[in-house]
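# Structural overview
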Amino acid sequence: MCGIVGFTSRNKSAVGPLVNGLRRLEYRGYDSAGVALESAEGIKVYKQTGKVAKLDNLLSRALPESERGKYTIGIAHTRWATHGLPTVANAHPHVADNGSLALVHNGIIENYAALRAGLEKRGVKFLSQTDTEVIAHLIAAFDKGDLLAAAAEALKRVEGTYGIAAISEKHPGEMVVARKGSPLVIGVGEDDIVVASDVSAIVAYTRQVIYLKDGDIARITPNGVDIHTLDNSPVTREVQEVDWDIGAIEKGGYEHFMIKEIFEQPDALANTIRGRLDPAGGTAFLSGLSLSPRDLAAVRRVVIVGCGTSLHAGMVGKYLFEKLADIPTDPEQAAEFRYSNPIVGPNDWVMALSQSGETADTLAAVRESIRKGALVSGLCNVVGSTIAREAGRGVYLHAGPEISVASTKAFTAQVTALLMMALKLGRTRRLSFEDGDRLVKEISRLPELVKKVLEGNEAIAKVAEKYAKADDMFFIGRGMLHPVALEGALKIKEVAYVHAEGYQAAELKHGPIALLSEKTPVVALLADIPGKEKTLGNVQECRARLAPVIGVVTEGDEAAAAAVTDALTIPKTCAELSPIVTVVALQLFAYHVARLRGCEIDQPRNLAKSVTVE
Ligand code: M6R
């Protein structure tokens, strides 16, 4: 949530890089945006409600090209509102000391009310309703000639999470950044240094990056980066190379990132699988887990924590681990888990699923599990993310950057990674070589299978046209297709603003069926898994109430195709892979419904990609 950018250069204007950086980070929040620019004449702040494009317009009017060169340092922010409405006053940067200090912040300051009351007593006038503004005033109050020391003093008094960047007229050419609980990355170029909430805002300038750790604070000038702890001990952080380039985060001819990312799935899954299958042993290699067969044999229970789409992937994981490895598996919503005083210990394997690797509740669940002595692994997409680092061991998804707020390729990559983990765990137990071998072969076909679903894009778009005006939809599936029904419903809610609910197919008649009519399409997941015949019975129940049924059916399954009003076709595969091929058809369906309804597909209202608040 919220995106931060900072830029300083020996010779370039900061204006363009800051605005471009904000555009890259806009998926993190888009209620308002702002920049603070410093020159020899002092600091100027420009803020605007709405998207970065509006800020860019404002800057075009206020700052002619001829004037931009004098601003070689600045900070910028795109906001997802927590404290206070999305107004210009609440937009970042926030200023203190008569505008001589400017600050941007991502995170939440939990004790801001007490800090604000204290500052107000001392005569400080607040201009916004945000929690952030207190940090700006505290830094100004502690500034006795050293900006880093002042920021460190201020941050020692703050409870909560933060990623910040600050500049001050009293310290020309200097920027101070710090993090605790909110990500911050520093890109080190030849003549420029870029700071951002994630590397997507940095790769246009450099692929050499430093990931700050929680508790780090850094002074940045065009000459270099000087990192300390809050207690002022210098620390060294390694410079790492980002292994993808700018092309990965551009639309590449697609109308939206969502459809681009849906179509990237064959390649993304090939990357998730690459080097991880062991045909000779009928198993998988997952070296990042650093677990011996003995460690794996000691596991008595698996707990999978996540939120949103990642939680749904974890729910599919339950079926995979129980089926292939005979291990009881509990998927848990991360926030519920962390506050439930969870019963986990050394024989429990807690897996944290997160595309971003920054989701606050999932991170807290990781910390709680580590505290309780459980075996903890992260399954993250973003390399170097906080969950990946704190979990210590895990599996990277390698799905490539996911920009669309609605998660698509991360889900299929998560399920694929879980499947390989279940296969590995199963092979340390009772899963036979023959069964392992069958799965290894089918997993290798996965990119091809997904390509086949994508070939049905136009047919799916036609079906979407028939139902794009519906206000309510139901999604039904059983077994490992139940979480896929939840995911299908989530996708269409998020991007098309259609009210949708996912149910176990058998549950519909226990109440929700009362809502069915010819106006409520039901999407029935009919891939070939045990129980499909029963779901076909549920389809009849829906049709008897006049509800049109859109079936996701296996090619060649004529009985299923005949039972539904419209069919979305998927290729034949084994039960374990059916959630993946099914969900791809649902992603396309949601995308087309959203497109036909004229929705803001990549940045749906009220949402943000990376949920770093509780
Ligand atoms: O980055 P994470 O996977 O931890 O994010 C979890 C959820 O916030 C995320 O999946 C959210 O539900 C997406 N908008 C779903 O499309």
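Heads up: these notes are all about the structure in this document. Here the residue index of a chain counts from 1 through its sequence in written order. Two thresholds apply to this predicted model, a pLDDT of at least 70 for residue-level local features and 80 or more for giving and counting side-chain atom pairs, whereas whole-chain, interface and lining totals are computed over all residues. Each side-chain value is derived from all of the structure's non-hydrogen atoms; neither hydrogens nor water enter the calculation.

### What to know about the pattern of salt bridges
- Throughout this description, the term salt bridge denotes a Lys or Arg side-chain nitrogen within 4 Å of a carboxyl oxygen of Asp or Glu. In the structure shown here, the tally under the stated rule is 41 salt bridges.
- A salt bridge links Asp 214 to Arg 179; the shortest N-O distance between them is 2.8 Å. A residue pair is termed long-range when its members are at least 10 positions apart, and Asp 214 in the loop between strand 11 (208–211) and strand 12 (216–221) and Arg 179 in strand 8 (residues 175–180) qualify at 35 residues.
- The partly exposed category is assigned to Asp 214, whose relative accessible area is 31%.
- On the basis of relative accessible area, Arg 179 is assigned to the buried category, the value being 1%.
- Across the pair Arg 219 and Asp 226 runs a salt bridge whose closest N-O atoms are separated by 3.9 Å.
- Via salt bridges that share partners, Asp 528, Lys 532, Glu 533, Asp 557 and Lys 572 belong to a single interconnected network. Helix and strand assignments follow DSSP, with helices taken as H or I runs no shorter than four residues and strands as E runs no shorter than two, numbered in order from the N terminus. Partly exposed residues are those whose accessible area sits between 20% and 50% of the maximum for their type, while under 20% is buried and over 50% is exposed, using a 1.4 Å probe and protein chains only.

### Considerations on the environment of Glu 133
- Mapping Glu 133 onto the fold places it in helix 5 (residues 133–142).
- Assessed through its relative accessible area of 1%, Glu 133 is described here as buried.
- Here Glu 133 is in contact with His 94, Val 95, Lys 125, Phe 126, Leu 127 and Ser 128, once residues within four sequence places are set aside.
- We call two N or O atoms a polar contact when they sit within 3.5 Å, provided that within protein one can donate a hydrogen and the other can accept it, with sequence-adjacent residues counted only if both atoms are side-chain atoms. For Glu 133, the side chain forms a polar contact with the side chain of His 137, separated by 2.9 Å. Every residue pair with non-hydrogen atoms within 4.5 Å of one another is taken to be in contact.

### Observations concerning the packing of aromatic side chains
- Aromatic pairs are defined between Phe, Tyr and Trp rings, using the six-membered ring for Trp, whenever the two ring centres lie within 6.5 Å; interplanar angles under 30 degrees are classed as stacked, those over 60 as edge-to-face, and all others as tilted. Overall, the coordinates contain three aromatic pairs when judged by the stated rule.
- Residue placement shows Lys 51 over the ring face of Tyr 30; its charged tip is 5.0 Å from the ring centre.
- Note on criteria: charge over ring means Lys NZ or Arg CZ within 6 Å of the ring centre, with the direction from the centre no more than 35 degrees off the ring normal. A cation over an aromatic ring shows up here: Arg 605 above the ring of Tyr 497, its NZ or CZ 3.8 Å from the ring centre.

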